[in-house]
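# Structural overview
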Amino acid sequence: MENFVTAFDTTVDNALFWLTDHAAFIFDGARAVLEGLYDGVLWLLMLPPFYLAAVLVGLLAWRVLNLWAGIATAVALIACAAMGLWPETMETLALVIAASIIALAISLPLGVLAGLMPRLDRALVPVLDLIQTMPPYIYLLPAIALLGFGPATALVATVIVAMPPAIRLTSLGIRQTPNEFIELGHASGVTPAQMFWKIRLPFAMPSIMAGVNQSLMMAFGMVVIAGIVGSGGLGETIYGAIRTLDIATSINASIAIVVLTMVLDRVTQSLARTK
């Protein structure tokens, strides 16, 4: 058994060395694309001054929630700027948004296919179980080896962690379409495309939006952990504060993370209920 483990570990190490030696151009290109997406999102977030951004997000919270939620959101974001953490807060939000865009672009179509194809759904279940039960740090190690330190590594690890909830809940929503409506569609002579867009998708939207919400929450948890690979943002701030025992800074960064998480959580939950 020990010989098998040693041989397996050696094979994995050799595979990583081979990839870094012979496929470096692929990973350099992937890193450039990922960092380009992150930089673009961060540029948009940093474009308005902090007070204007806080007001805009507050208006959004007012629109989807209520007046008091909008006021609390704007005040909380201004507090992040008052603590001197506005750039780090926007870096964290940019990481979450960029990772969520990639994760949802993969997860939603795959979840739809899994909902329509029971065999694919059964094949995905153990894979998703494995992803969700593995320690999040595990995904950082091969990403560091292939992409190096920086936002690209954090994005890859965050995408992996954020995908399973969206896949599961999208598949569940598609599979839970009431049979009587499916039979009514067949009796009415609808095409498969009409069956999906006009019957299955509307019934699945609450479950899909719940998956989007859960993916965002998983992404937030991962980008904080990814601070140890130099991803920037509040995660790196907390990691640096831990190394220097700067308790005040770690508390401030934690408050900023809670603010971002609560705002996105409440807004996406409200959108899910609306859908």
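Look above for the structure.
Residues numbered from 1 in each chain as written. Predicted model: local features only at pLDDT ≥ 70, side-chain atom pairs only at ≥ 80, totals over all residues. Heavy atoms only, no water.

The subject of this paragraph is the packing of helix 9 (residues 179-188) against helix 10 (residues 192-225). One way to put it is that helix 9 packs onto helix 10 with a least axis distance of 11 Å and a crossing angle of 170°. Relative to helix 10, the element helix 9 is oriented roughly antiparallel. Where helix 9 abuts helix 10, its residues Phe181, Ile182, Gly185 and His186 lie against Met195, Ile199, Arg200 and Phe203. Here the contact of helix 9 with helix 10 is composed, by residue class, of five nonpolar, two polar and one charged. (Axes fitted to C-alpha atoms, helices over the stretch in contact; angles between N-to-C directions. Helix = DSSP H or I, 4+ residues; strand = E, 2+ residues; numbered from the N terminus. Parallel < 35°, antiparallel > 145°, perpendicular 65-115°, else oblique. Contact = heavy atoms within 4.5 Å. Nonpolar A, V, L, I, M, F, W, Y, C, P; charged D, E, K, R; others polar.)

The subject of this paragraph is the packing of helix 2 (residues 24-46) against helix 5 (residues 86-116). Where helix 2 meets helix 5, the axes come as close as 8 Å, and the angle between the chain directions of the two elements is 130°. With respect to helix 5, the element helix 2 is oriented oblique. Judged by the sense of rotation from one axis to the other, the crossing of helix 2 with helix 5 is right-handed. Across the interface between the two elements, Leu34, Leu37, Tyr38, Val41, Leu42, Leu45 and Met46 from helix 2 touch Trp86, Pro87, Met90, Glu91, Leu93, Ala94, Leu95, Ile97, Ala98 and Ile102 from helix 5. Partitioned by chemical class, the residues of the contact of helix 2 with helix 5 number 16 nonpolar, no polar and one charged. (Left-handed = near helix turned anticlockwise from the far one by under 90°.)

Turning to the environment of Val224, a few remarks are in order. Tracing the chain through its elements places Val224 in helix 10. Of the residues examined, Val224 reaches a relative accessible area of 24% and is grouped as partly exposed. Through-space distance from the C-alpha of Val224 to that of Thr158 is 9.8 Å; in sequence the pair is 66 residues apart. Those residues in contact with Val224 that lie beyond four places of it in its chain are Gly235, Ile238 and Ile257. (Buried < 20%, exposed > 50% of the residue type's maximum accessible area, 1.4 Å probe, protein only.)

Glancing now at the nonpolar core. Formed by 57 residues in total, the largest nonpolar core has its most connected members in Leu155 and Leu234. Here this core gets eleven residues from one element, more than from any other, and that element is helix 5. Contact partners of Leu234, with chain neighbours within four places excluded, come to Leu85, Glu88, Thr89, Thr92, Ala253, Ala256, Ile257 and Leu260. Core analysis: the next-biggest nonpolar cluster, separate from the first, contains six residues, Val112, Phe196, Leu201 and Ile208 among them. (Core = buried A, V, L, I, M, F, W, Y, C linked by side-chain atoms within 4.5 Å.)

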